[in-house]
Structures are given as structure tokens and as C-alpha cells.
Amino acid sequence: MIENIIKTDYYKNMGLGTVRDKVMNGERLSIEDGMRLFECDEPLAVGALAHQMRTRLHDDKAFYVVNQHVNYTNVCVNACTFCAYRREDDSQKGAFVLSKDDVLAKIDAAGMTPREVHIVGGCHPGLPLSYFEDMLSAVRARLPETVLKCFTAVEIAHFAKLEGIPTTEVLARLKTAGLNMMPGGGAEIFAPAVRERICARKSDADEWLRIHGEAHALGLRTNSTMLFGHIESREDRLDHLDRLRRQQDESGGFTCFIPLPFLTENSRLSIENPLTGLEQLRTIAVSRLMLDNIPHIKAYWVMLGVKVAQAALKFGADDFDGTVVEEKIGHEAGADSAQAMTRNELEGMITGCGFRPVERDSYFNEV
Ligand code: V47
Ligand code: SF4
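Residues numbered from 1 in each chain as written. Chains lettered and ligands numbered in written order. Predicted model: local features only at pLDDT ≥ 70, side-chain atom pairs only at ≥ 80, totals over all residues. Heavy atoms only, no water.

Novice: Teacher, can you tell me more about unusual backbone geometry here?
Specialist: Note on backbone geometry: most residues besides glycine have negative phi, and most peptide bonds are trans. With a phi close to 55°, A79 is a non-glycine residue in the positive phi region. Summarising the element assignment, A79 is placed in the loop between strand 2 (67-71) and helix 6 (100-110). Positive phi values are uncommon outside glycine, yet E188 reaches one of about 50°. For E188, the position within the fold is in the loop between strand 5 (181-182) and helix 10 (192-198). (Helix = DSSP H or I, 4+ residues; strand = E, 2+ residues; numbered from the N terminus.)

The structure is reproduced here in C-alpha cells:
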């Protein structure tokens, strides 16, 4: 069916004939091609091209993982204007810092053996690197087979600054303590003028990308993200995707890309035009088409909501993320999705829109 749609002169008539041919031949799209896709009057045409590419890569599979998220603190020195999760200091209402035992208790309370534990938090001013090494060693002892996907590049930069050591040393020490992989958070939008207004204090694009390159050189795979639908332009999104693609050409360790739509509740960042569902889907499709060297696109149901995440599987995404267990960052910002999903629920969501559910590990090996 999809073959019939994209065989027609339809694309030529919309000025997308060359873009269509490049996608069909597996050639790289330019930033100008990306802009044509953003400006095309028909989002379904863009979605069909992205669907063609995801089908070529992954057939009718839609991946999911049995995982658990743990947030160790919400106290953060960075004060990003979009963030509803952050607290100023330990005394502010709702502030928390988990001890190593608290983290273990959350893992025990979930009552399962996750294939992946995703641990991230704010950039707390008083937690030494040894706190994170102890936490990782303890979780590793409790879950010997689980992939520990922890700490964004922004946190790694923060630990290095507090300790007065290079980020490569932080990564090496955390790897020794049990770290297997890094999540993709903190990338936001790379364009400096936007970064200045949404997350002025934290790592800039060069630092974020450099740390991912360092992790890749150490044999740690990482993920990547983009926070969109706030004050950035479509040009900024394409610049972001292009920078990720160039980093991947150099260091090759990105496993997946996660487009995160901005959720507005409890945020200090006010925006004029809230994202439509269609613009979310179009951005996911353009991401699939631009990122020809990143194998997977995650439809993160927590931030997108289950229904948009399901539709995203037809707009280039191939992964539904996971069981999650407890989520704070999106829910503080008004996410109306559940906190957790069971394996059966995830499989039902996937089969419900015509895809084949495939359980995976963090590296996308089928299990
Ligand atoms: O870096 C913060 C984003 C990210 C808001 O690597 C917001 O597998 C929307 O990176 N509206 C953290 N987004 C989440 C993240 C992630 C999630 C799931 C899987 C993986 C992975 C990574 O959440 C932050 C920021 O970009 N965020 N506030 C908000 N109001
Ligand atoms: Fe801190 Fe992350 Fe929130 Fe920024 S997004 S204020 S770095 S917790």
C-alpha cells in the first residue's frame, strides 16, 4: 500500500520529487531538503516517506523495553526555563535527594527484574562523584544483568566541574562502577540563541556532543534527544538534527533518537503557538528522514501521550520505549499519560495499530 502511495507523481507535483528519490535510494537529505519537508502542505506525504524508511530498516516491528526510571534528585543548579521538575535547593517544597538505599528500595518495590534502569537527576551542588559510584555499584550488585543507562551529558559535565577533573575521567570512573550506557537528555536545542533563553547555564552544544563522543570512544553507547515546540524555529530543529548526524558520522555510538515535545504546565517558558499533534508527527517524520545514520527513533509515550506515540509508529518511529514504572520530569510538566505500563499493555498498544511488538534490550537486541 505504502509503495503505491510513494510511486505516484504526487511528490513531483509538490516539489518533493528529488527528496522522494533520495529517500527511495537511501541517499542523505540536505538541510534544504529537510526544510522542503517541513514546508510541504501535506504532512501525510512526509509521513509516508518516513514510514517507507522505517519499514525498510525495521519492517513491521515496533520495539519496547522492560525498564525502570529512577530520578535521584530534583535539586538543580541549572534553572532551565522550560523545566517544571527542578527545585532551587534542598529546603524548597517538594525537593528530594535519594540515598543509595532509597534507589535500591525503588528497584525492589517495582517487583521485577528490568532489562534497563534509567537513572538521571538534577545537577545537585553537593553530591560528590563517589555518591554516584556507590549508587551504580549497589545497583549493579542487585541487578547483575541489567543495563545501567544513567546520567546525561549535562550531569557528566556537572560532576567533572565539581570534582575538578576531565569529563573523560568521570566517564571512565562511572564505567568502572557499572555504567553501560548514557541516556539522551540535555540536548534540548543546540542553536546558541535558543539555548541562551531556555537553558543558559548548562552545557552548550559543543560540550554535549563532545561528551557523547568521549562516551562512544570508551565503548559506551548513548541516546540522543531534541526538545521541540517551544521558541525554536524549524531551521533550529534541522540544525540540531544535522549536528547529531555529523557527530554520529564521527563517533558512531548513538543508538536512538528521541524527539521530546515541550509540555507547558508549571513551566516558566511561555510560548505563543503550542504544538499541534500534526506538527509533532511531522517533526518525528523529518527526524527519521534526516537521521540516516541513527538506527532507531523512539516514540516516547510518556511525553507524546499514548495516542500520538501510536500514530508516530506510522510517521517514522519504531520504538515505544518501555514500562518506565515511575516518571517525574514529564508529569511535573503536565504529561497526562500513565506513570507506568505493563508488558501486556505495551504489546496491546503496538498490535492495536498494526505493528509487531518486539521486546528488546537497551542496545536493540531482540530478547
Ligand atoms: O533533557 C524537561 C526534557 C528530558 C520538559 O535516552 C521536557 O532513552 C518536555 O531525555 N516538556 C529528559 N520535555 C528525558 C529524556 C529521556 C526520556 C526517555 C528516554 C530517554 C533515553 C531520555 O526531558 C530533558 C528535557 O529535554 N524535558 N522538561 C518539558 N516541560
Ligand atoms: Fe536541571 Fe535538567 Fe531541569 Fe535543566 S532540565 S533545570 S538541567 S533538571
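Following the structure, the description resumes.
Novice: Quick question: what am I supposed to make of the layout of surface pockets here?
Specialist: A probe as big as a water molecule, rolled over the atoms, marks out the empty space that is left. What the largest pocket holds in volume is close to 260 Å³. If you trace the largest pocket, you find 15 residues lining it, with H230, E232, R237, N273 and P274 closest to the centre. When grouped by side-chain class, the residues that make up the lining of the largest pocket number four nonpolar, six polar and five charged. Reported here for the second largest pocket is a volume of approximately 200 Å³. The wall of the second largest pocket is formed by V77, N78, C123, V154, A157, H158, K161, L162, R201, K202, S203 and E207. The greatest single-element share of the lining of the second largest pocket, amounting to five residues, is contributed by helix 8 (residues 153-163). Here the residues of the lining of the second largest pocket are counted per class, giving five nonpolar, three polar and four charged. (1 Å grid on protein atoms, 1.4 Å probe; cavity = no way out; pocket = protein on both sides within 12 Å on 5 of 7 lines; lining within 4 Å. Points joined across faces, edges and corners; volume = space filled by probe spheres on them. Nonpolar A, V, L, I, M, F, W, Y, C, P; charged D, E, K, R; others polar.)

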